[in-house]
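Tertiary structure, described
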Amino acid sequence: RMTTDIPAASNVDYIVTHEKIANPINTQNFIDNEFVESKSTQWIDLHDPATNNLVTRVPQSTAEELKAAVDSAAKAFPGWKKTSLLTRQQIMFKFVSLIRENWDKLAASITLEQGKTFADAKGDVLRGLQVAETACGITTQMTGEVLEVAKDMETRSYREPLGVVAAICPFNFPAMIPLWCLPVAAITGNTVVMKPSERDPGAAMILADLARQAGFPPGVFNIIHGAHDAVNFIIDEPRIKAISFVGSDKAGNYIYARGAANGKRVQANLGAKNHAAVLPDANKNATINAIVGAAFGAAGQRCMALSTLVLVGESKSWLPEIVEAAKQLKVNAGFESGADLGPVISQHSKDRILSIIKQSVEQEGAKMELDGTGFKHPDPKYADGYFVGPTILSGVTTEMECYKKEIFGPVLVTMEVETLDEAIELINRNMYGNGVAVFTNSGATATKFQREIEAGQVGINTPIPVPLPMFSFTGNKASIAGGGGQYFYGKAGLNFYTQLKTVTALWRSEDAIAQKASTAMPT
Ligand code: NAD
């Protein structure tokens, strides 16, 4: 059971308020198990999205620092690969228990840098922690196969790590996504160079401290910072064998193409536009609450946010109640108690969201059902925060900007169709295939939907169907680069971070007394 109460500032030695920080501390690199101040001359200011106050400065790590991180990871790899799986597992056990002990600290860092509410930030940590916990049990899945393939001959397969692997992370889940990568990569024997989002690297830095305390040897986990230059370095560095990327289409497709051209294994999860089809036979109250929570939670900045509602037949009459439910949500800074959604990540993001809404309403004919665009926080402390209130548009068509773009803000677009077939056809026409949901009380309807829908993660009366870590994150179509298949975590994650080696051995006692070599193909 999770406590989501925000700790009192007097009880902890980390920040749990949005007060201005007197002397913001620079974010450091983490190389060879040491936190090291960057020598960079280029820094990125990181602001608290609720106040616009400076929180930290993030370096664009220098070329020497980027190289030092890979040097460290490459040096650590042979020893880490040789370390027994059970020893690696013991370190992982310690790591997960430290994450659990530091759950609030991680969540507080997320609220401060990313803006999501403290309760939601705790969920961000938990989803990553569950991947780490499940990775501890990977020992049985690491076993290979063996078969006597001929007389005195057997073939054995082994699962081996790749070497140095890199993770490039997005801003929206500062703990969960690093934890989709590090635990699975490290327990399988790889060493890791991570580049967290330059917009909120704090949680990854805390994870580095916990990894060191847990006993990961120097070099197994390194963190460097920056944006394009750091990413280009990762893509082109020959000692990095694989890249895990989560983020936008533009960056991900570029990293996938250039990484693959450089001979690397790349997994790249991209953008989304997740639809929910609502049938009139659904449980109305539960459905409305599920939709409103999934559309506006995290201010819509989830790749599995439910951003597009397809009201089928009579369920269109539910719209006023959906609007009413959305009006009840409290927009507030993430550390304020009772906040349902916080600000978006940046002023730039806010401006982009407002301009998409404006274009669709003023030029394309969408109807404003709930207008959160003018939201002003009543407390002057938060006057410069990047807040957008829940916004609902109706009468949306597939040609409108608000439908064509992933808005990544607290905006729900609603569309109407007459039949289930029309809903399925409409949703399948969308290029993305991350997540989808259907709300109905009919098993037949749900089964038809599940079979005919193309998106890779389907919720039935479940608004955000993110698979738990015994499965994998299986978005498809344009939501994953390269035609999919290289999924995060679960069995697919294990496959991503390992390669197979097969050994064929012949041990024949007659060889000792054989007189003459045979030159014919063995038959
Ligand atoms: P982003 O692409 O802007 O940033 C992700 C990472 O790529 C960052 O580390 C950033 O430094 C780097 N980067 C950004 N632009 C780059 C470029 N042009 N060249 C090289 N590197 C670049 O993404 P974001 O805004 O941080 O995250 C939001 C996006 O991530 C949304 O589109 C969301 O749907 C997606 N996302 C997808 C999933 C999924 O599993 N499908 C999960 C979470 C987020």
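Because the structure is a prediction, the values reported are computed rather than measured. (Residues numbered from 1 in each chain as written. Predicted model: local features only at pLDDT ≥ 70, side-chain atom pairs only at ≥ 80, totals over all residues. Heavy atoms only, no water.)

**Quick notes on the layout of surface pockets**
Once rolled over the atoms, a probe with the size of a water molecule shows which space is left empty. Estimates place the volume of the largest pocket at around 1300 Å³. Around the largest pocket, the lining comprises 42 residues; the ones closest to its centre are F171, R199, G247, S248 and A251. Among the elements that make up the lining of the largest pocket, the one with the highest residue count is helix α8 (residues 249-261) (5 residues). By residue class, the composition of the lining of the largest pocket is 19 nonpolar, 14 polar and 9 charged. Its boundaries defined by the atoms lining it, the second largest pocket holds a volume of some 690 Å³. Surrounding the second largest pocket, 22 residues form its lining, I25, E113, G202, M205 and I206 being those nearest its centre. For the lining of the second largest pocket, the secondary structure elements donating two or more residues are β4 (54-59), α3 (103-114) and α6 (202-214). Among the residues making up the lining of the second largest pocket, the classes are represented as 11 nonpolar, 7 polar and 4 charged. (1 Å grid on protein atoms, 1.4 Å probe; cavity = no way out; pocket = protein on both sides within 12 Å on 5 of 7 lines; lining within 4 Å. Points joined across faces, edges and corners; volume = space filled by probe spheres on them. Helix = DSSP H or I, 4+ residues; strand = E, 2+ residues; numbered from the N terminus. Nonpolar A, V, L, I, M, F, W, Y, C, P; charged D, E, K, R; others polar.)

**Considering the packing of helix α9 (residues 284-296) against helix α10 (residues 319-327)**
The contact between α9 and α10 brings their axes to 10 Å, and the two run at 55 degrees. In terms of axis orientation, α9 runs oblique to α10. Every pair of crossing elements has a handedness; the one defined by α9 and α10 is right-handed. For the pair α9 and α10, contact is made by K284, I288, V292 and F296 and by E321, I322, A325 and A326, respectively. Taken together, the residues of the contact of α9 with α10 break down into 6 nonpolar, no polar and 2 charged. (Axes fitted to C-alpha atoms, helices over the stretch in contact; angles between N-to-C directions. Parallel < 35°, antiparallel > 145°, perpendicular 65-115°, else oblique. Left-handed = near helix turned anticlockwise from the far one by under 90°. Contact = heavy atoms within 4.5 Å.)

**A word on the pattern of salt bridges**
Evaluated as defined, the whole model comprises 26 salt bridges. With a shortest N-O distance of 3.0 Å, K67 and D71 are connected by a salt bridge. Of the two residues, K67 and D71 are both situated in helix α1 (residues 63-82); the distance of 4 residues between them amounts to about one turn of the helix. We note a salt bridge from E160 to K81, for which the minimum N-O separation is 3.8 Å. Pair noted here: E160 is in strand β6 (residues 153-161) and K81 is in helix α1, with a separation of 79 residues, a long-range link. Three or more residues are tied together by salt bridges with common partners; here these are K67, D71, E237 and R239. (Salt bridge = Lys/Arg side-chain N within 4 Å of Asp/Glu carboxyl O.)

**Here we look at the site of the ligand**
Neighbouring the ligand are 28 residues; C169, E198, R199, S248 and E406 lie closest to it. Within the contact set of the ligand, an oxygen atom lies 2.9 Å away from a backbone nitrogen or oxygen of F171. S248 places a side-chain nitrogen or oxygen 2.5 Å from an oxygen atom of the ligand. For the ligand, the cavity whose grid points lie within 2 Å of the majority of its atoms is the largest pocket. Of all elements in the fold, only α5 (176-187), α7 (228-236) and β10 (240-246) reach the threshold of two or more residues within the shell around the ligand. Across the shell around the ligand, the residue classes break down as 15 nonpolar, 9 polar and 4 charged. (Near = heavy atom within 4 Å. Polar contact = N/O pair within 3.5 Å; in protein donor to acceptor, adjacent residues only side chain to side chain. Sits in = over half its atoms within 2 Å of the grid points.)

**Examining the UniProt feature "domain: Aldehyde dehydrogenase" (unreviewed entry) in the chain**
Following the UniProt record, one finds the feature "domain: Aldehyde dehydrogenase" (unreviewed entry) at residues 35-503. Across residues 35-503 one finds 39% helix and 20% strand; the C-alpha atoms that close the span lie 41 Å apart. (UniProt positions renumbered as here; feature names shortened; annotations may be inferred.)

**As for the environment of G484**
Mapped onto the secondary structure, G484 falls in the loop between β20 (476-477) and α15 (490-496). Residues G484 and G456, 28 residues apart in the sequence, show an inter-C-alpha distance of 9.9 Å.

**Some points on the state of the cysteines**
Applying the stated criterion across every chain, the model contains 0 disulfides. Of all cysteine sulfurs, the one in C181 lies closest to C303, which takes part in no disulfide; the gap is 13 Å. Overall, C303 belongs to the buried group, its relative accessible area being 16%. (Disulfide = S-S within 2.5 Å. Buried < 20%, exposed > 50% of the residue type's maximum accessible area, 1.4 Å probe, protein only.)

**A look at the sheet that holds strand β13 (residues 306-312)**
Adjacent strands of a sheet form backbone hydrogen bonds with each other and so pair up, either parallel or antiparallel. As summarised here, the arrangement of the 7 strands in space is β14-β15-β16-β13-β12-β18-β19, forming an open sheet in which the pairing is mixed. Taken across any chain shown, the strands that pair with only one partner, and hence form the sheet edges, are β14 (367-370) and β19 (458-460). Neighbour to neighbour, the strand axes of the sheet diverge by 25 degrees on average, direction disregarded. Inspection of the sheet shows β14 paired to strand β15 (residues 391-394) by 3 bridges, in the antiparallel sense. Looking at the pairing, M368 lines up with L393 of β15. Here helix α11 (residues 347-363) sits on the sheet and contacts β14, β15 and β16 (411-417); the angle it forms with β15, its principal contact strand, is near 25 degrees. (Pairing = 2+ DSSP bridges.)

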